[in-house]
Structures are given as structure tokens and as C-alpha cells.
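What follows is the residue order along each chain.
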Amino acid sequence: MKTVEIIYRYEARDTPARMLPPDSRTALLRLDEGNRGFAALLDHVNDESGEIQQIIPVDPRDLGLLPDETGTLKQRPFAVILGCSDARVPIELIFNEGPNDLFVIRVAGNGLGSEVLGSLKYAVEHLGGTLKLIVVLGHSGCGALTAAVDSFLNPHEYLAVATQHALRNILDRLLLVVQASARKMLAAFGPDVVHRPGYRQALIEASIVTNAALAAYTVQQEFAAGANNELQAVYGVYLLETREVWVPRPGGVKGTGLAAPPRDVAGFADFGEAVARSDRIASYLKSE
Ligand SMILES: [Zn+2]
């Protein structure tokens, strides 16, 4: 088995400032490339012995080692990432990024609660100089969506959280997404789909990606659209199994990486179709 080292390299000498993406497209490419690099790092780790090194350069200015003329360390992230609190999804690590690169908001189920919206508003209003992208990142096997699906499939389970306001607050927002995903699967596969052994898991995974896409759509409308078209919201699902970011692509097109959310009702209809018809969701319905 190979030894893998991920090194954050701080160089305190007078290095040129690390490049920041000039626009949302470049920011998206940087995150996609970073994630692919991270995923590939561990791809063949069991094949043979040896060492693999991944070096993430860190600008000394981002640690205050080379203060600018004002002597302060400015916050200058190029992307906001709204992710889940799940410990298996360490945001900077999975995108090969370091200090001062990402403005990270993490909350169970990556939903748009009031503190999340407040943090997004702060970022958009105060970090506009460098900020180019807002990412909503779900992940496979998300516990929050799993709980929502289980409440949807067995409503008596809702009683366990009915009196717990803090948990209910997260769950209630997700139930609509689960309902929409369930309807789409009925339409795509017929009424018998609910009896297939992998249905629960397929519904969980369809709900996870729909939740991320809906949140990204909301963020695009609420924050990005008014920001001189320089800011773009995108979404994706981090797959614990492969460490890659996935979204359904129309026509069954293969590929990894983040994508823009649907733009309108018709876009969401196409999106729902792409989710239901994706290899990933189909694989759950075939298994077990
Ligand atoms: Zn989660």
C-alpha cells in the first residue's frame, strides 16, 4: 500500500501572491480540478508500495507572514461553500484548497436556514472583491436527508422529532424535497417502484441532489443574480465512495464536477428526469 502525504506548504520568502480566479468560470474550473486531484490521489493507493505527495501551496500573506502596507490580513476567498456538517466531508481537503481560499458554511443537511442566509449575505456584501462562486454541496449518504426520507416513508417516525424544535426545523424544510423526488421517481418508473428493494436508498440519493440543486437555485435568485452577473451559484454532491463531486447530466452524459442549477420550472422538470434516469439512481434500484 502506498503512503500518501498531503502537504500544505507555507513559503515565507518573497513569493508572488497566489493567483485568484478572475471570474466564476475560472473559479469553478479550479474547484473541479482540485477535487479531481484529491479523488485521484487515493485511486490506486492499494496497488503497490511507494509514496504519493500532493503539495498545496499556501500564500504566506494568507497567514499574515507577509503583511501588506496596512499590516492586516484580509479575508479574500474566491468561493463560498455551503456544505453539510458531516465529518466525512472536509471541505478544504476535498477541493485541494487551503487557508483564505474558501468561505465555508457547514450545517447538517446544507439547508438555507436563517443563520446560513445571514452568512451568505455577509459574504456577498463584504467579500465581493474576490468572491466569484457560491457552491451548495450535498453528499451521498447524508443523515439529514435519510431522516427526512424515513419520515416520509413511515410518517409515525416523525413523532420522535415532533417535539424537538431544533431537529424538526431541519427536517421540515427537507420533506418537500423528498416529496418532489418521490413523485419524480413514480413518474419515471411507475407505481411499482416503491416496492423495489433499493427504493429507499434511491429516494435518499435523489433527494440529496435535489436538495442541493434547489438551494443553489434559491441562492442564485436571492444573491447572485443581483451581483453584477459576476457571481454564480452552482451545486454538486460529494460521493463518499469515490471522493468525486457528481451531478446528473441530461442525456446520461458522464462526467464529474459542479454545475449550475436549473433556471426555472421547466429546467427543474428536466433536472428531475436526469436524476431519475441517471446511472447512479438506477444502480440503487437494481441492487439488493
Ligand atoms: Zn449530511
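Computed from a predicted structure; not experimentally measured.

**Quick notes on the environment of Asn100**
Alright, step 1. In this structure, Asn100 sits in the loop between helix H2 (91-94) and strand E4 (102-106).
Alright, step 2. Given the relative accessible area of 18%, Asn100 is considered buried.
Alright, step 3. Linking Asn100 and Ala79, residues 21 residues apart in sequence, is a C-alpha distance of 9.9 Å.
Alright, step 4. In contact with Asn100, not counting residues within four places along its chain, are Asp62, Leu73, Lys74, Gln75, Arg76 and Pro77.
Alright, step 5. Here Asp62 takes part through its side chain, which lies 2.9 Å from a polar atom of the side chain of Asn100.

**Observations concerning the layout of surface pockets**
Alright, step 1. The volume enclosed by the largest pocket comes to roughly 370 Å³.
Alright, step 2. What lines the largest pocket is a set of 22 residues, among which Trp246, Lys254, Ser278, Asp279 and Arg280 lie closest to the centre.
Alright, step 3. When residues of the lining of the largest pocket are traced back to their parent elements, those giving at least two are helix H8 (265-277) and helix H9 (279-286).
Alright, step 4. Residues that form the lining of the largest pocket fall into these classes: eight nonpolar, six polar and eight charged.
Alright, step 5. The calculated volume of the second largest pocket comes to roughly 290 Å³.
Alright, step 6. In terms of lining, the second largest pocket is formed by 16 residues, of which the most central are Ala180, Ser181, Thr210, Phe268 and Gly272.
Alright, step 7. Its residues assigned to classes, the lining of the second largest pocket comprises eleven nonpolar, three polar and two charged.

**So, the coordination of the zinc ion**
Alright, step 1. On the protein side, the zinc ion has Cys84 (SG), His139 (NE2) and Cys142 (SG) as donor atoms, found 2.1 to 2.3 Å from it.
Alright, step 2. The sequence pattern describing where the donors of the zinc ion fall on their chain is C-x54-H-x2-C. Linking Cys84 in the loop between strand E3 (79-83) and H2 with His139 in strand E5 (residues 133-139), this pair joins segments that are 55 residues apart in sequence. For the pair shown, Cys84 and His139 are each scored as buried.

Thresholds applied
Residues numbered from 1 in each chain as written. Predicted model: local features only at pLDDT ≥ 70, side-chain atom pairs only at ≥ 80, totals over all residues. Heavy atoms only, no water. Helix = DSSP H or I, 4+ residues; strand = E, 2+ residues; numbered from the N terminus. Buried < 20%, exposed > 50% of the residue type's maximum accessible area, 1.4 Å probe, protein only. Contact = heavy atoms within 4.5 Å. Polar contact = N/O pair within 3.5 Å; in protein donor to acceptor, adjacent residues only side chain to side chain. 1 Å grid on protein atoms, 1.4 Å probe; cavity = no way out; pocket = protein on both sides within 12 Å on 5 of 7 lines; lining within 4 Å. Points joined across faces, edges and corners; volume = space filled by probe spheres on them. Nonpolar A, V, L, I, M, F, W, Y, C, P; charged D, E, K, R; others polar. Donors = N, O, S within 2.8 Å, 3.2 Å for Na, K, Ca; no water.

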